[in-house]
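Each chain, letter by letter, is given below.
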Amino acid sequence: MSEAQEVLCRVEGRVGRITLNRPQALHALTTNMCRLMTDALVAWRDDPAVDLVLFDHSGERGFCAGGDIRMLAESGAGDGRLAREFFFVEYRLNHLLFHYPKPTAAIMDGVTMGGGVGLSRPCRYRVATERTTFAMPETGIGLFPDVGGGWYLSRMPDHIGLWLALTGARIKAADCELLGLATDFVESGKVADLKAAILAEPTRIETLLTEFEGDSGRPPIAQHQDEIARLFSGDSVEAIVAALEAADTDWAREQLKVMATKSPQTMKVAFRQLQLGARAKDFAENMAMEYRIGARVVQRHDFIEGVRAVIVEKDNAPTWSEPRPHDVSEATLDAIFAPLPSNEEWSPLT
Ligand code: QUE
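Sequence positions are assigned chain by chain, starting from 1 and proceeding in written order. For this predicted model, a pLDDT threshold of at least 70 governs which residues receive local features, and a threshold of 80 or more governs which side-chain atom pairs are given and counted, while totals over whole chains, interfaces and linings are taken from all residues. Just so you know, side-chain values use all the structure's heavy atoms and leave hydrogens and water out.

**Description of the nonpolar core**
Nonpolar cores are built from buried Ala, Val, Leu, Ile, Met, Phe, Trp, Tyr and Cys residues. Side-chain atoms within 4.5 Å join them into one set. Burial classes: relative accessible area under 20% of the type maximum marks a residue as buried, over 50% as exposed, and values in between as partly exposed (1.4 Å probe, protein chains only). With 94 residues, the main nonpolar core has M37, F55, W163, L164 and F232 as its most contacted residues. Tallying contributions element by element places helix α14 (residues 283-297) first for this core, with nine residues. Not counting residues up to four positions away in its chain, the partners in contact with W163 are G168, A169, I171, I221, I228, F232, W251 and Q255. Among the nonpolar cores identified, the runner-up in size contains 17 residues, and I107, V127, L199 and F212 belong to it. Numbering of helices and strands starts at the N terminus; helices are DSSP runs of H or I of at least 4 residues and strands are runs of E of at least 2. Should any heavy atoms of two residues lie within 4.5 Å, those residues are counted as being in contact.

Laid out in structure tokens, this is it:
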């Protein structure tokens, strides 16, 4: 298959339509896909024939599972050049969407993780279905919740974004609506008709979404929101672990069990990333920070080992470089967050 077919970018009626088309990898993003999407978005930005941009995926499964993790790990084990190039291009795309002047819509009719969140979250309209599964699972493979996680997750109420980052929790449509990750819920069976209606009358999208709106049900995390607010308010990962241990509830024990499987190093990276992201003056500053982290983390043991254990060999038994959060030094974190040489720093598309 030619690389040019991994994502389909075309104008249908007055809609710029971007269809992720890498079904064998749950539409996980490659550098080439990010470049093609960026080129299309730049062309449509000033094209009076385009009223709206619509993101969807081909086939049945997935919206977008993340990034091309195997490539990133292979590159990271070597000189890391292709991994850095991927992040550079992907984050420029995330930033372009964040400030995009035309209405954008994403149909998240399936798995929406990592890179898929970076595409959908900046869109003005974010449609979840009963097939939507949202997660930022990166700390499970020694990576960190990038694509703007420092910005978006740190702005969620009650430390819920930090809980998502540290546990990699998978949530469904009702929780996505509660947290503003989705703006609308439409039953999967009605998505084809919704898309046809948007393509026919893109300027009526708000009315159409109201007409197609379904009921996503009760959001399960509402029941745990107070507990998350209380137990994830600590000023370090160690403090959060201590609070969970002291809580003595089934839910708290479950969170501890899950966090014990994640990379202690990248849980602490994520904690600092969200602290800094909360204070970033704009989205570009946040993305420059994430690029520094990404450039370092892809070359470290935990990422190479996490991908081996969870993605490649699937033994789900990674040996992390530090066994517990307490063992991760501030010096290690400082090195991961340090500025890059000025000619290697990330910058937005101009
Ligand atoms: C963490 C991640 C990813 C992940 C699992 C994690 C990720 C990613 C995929 C993935 C899943 C299925 C595929 C595929 C990729 O899984 O970024 O190609 O078919 O892309 O725990 O960050």
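**Quick notes on the sheet that holds strand β8 (residues 184-185)**
Each pair of strands is called paired provided DSSP finds at least two bridges between the two strands. Reading across from one edge, β1-β2-β3-β4-β6-β8 is the order of the six strands in this open sheet, with mixed pairing throughout. Of all the strands in the sheet, the pair left with one neighbour each is β1 (7-12) and β8. In this sheet, β8 lies alongside strand β6 (residues 125-128) in parallel orientation, the contact comprising two bridges. Paired with V127 across the bridge in β8 is D184. Angular values range over 0 to 180 degrees, each being the angle between N-to-C directions of two axes fitted as lines to C-alpha atoms, with helices fitted over their stretch in contact. Its contacts with the sheet put helix α8 (residues 191-200) on β1, β2 (15-20), β3 (52-57), β4 (104-108) and β6, and the angle it makes with β3 is roughly 155 degrees.

**Here we look at α8**
Taken as a whole, α8 has its buried residues at V191, L194, K195, A197, I198 and L199. Where α8 is buried, its residues touch β1, β2, β3, β4, β6 and α9 (205-212).

**Some details on the state of the cysteines**
Any cysteine sulfur atom paired with another within 2.5 Å is treated as part of a disulfide. Under the criterion given, the structure shown has zero disulfides. C64 supplies the cysteine sulfur nearest to C34, a cysteine that is in no disulfide, at a spacing of 8.4 Å. Residue C34 is classed as buried on the basis of its relative accessible area, which comes to 0%. Note on C64: relative accessible area 0%, which makes it buried.

**Thoughts on the pattern of salt bridges**
Salt bridges, as used here, are contacts in which a Lys or Arg side-chain nitrogen is within 4 Å of a carboxyl oxygen on Asp or Glu. Evaluated as defined, the whole model comprises 23 salt bridges. Close ionic contact of R22 with E6 constitutes a salt bridge, the shortest N to O distance being 3.9 Å. Of this pair, R22 sits in the loop between β2 and α1 (31-45) while E6 sits in the segment before β1, and the two are 16 residues apart along the sequence. Note on accessibility: R22 and E6 belong to one class, buried. Residues participating in the shared-partner salt-bridge network are R10, E12, R17, D56 and K195.

**Side note on the pairing of β1**
Note that β1 and β2 share six bridges and pair antiparallel. Across the sheet, E12 pairs through a bridge with V15, a residue of β2. Linking β1 to β2, which pair antiparallel, is a turn of two residues; within it G13 sits at a positive phi near 60 degrees.

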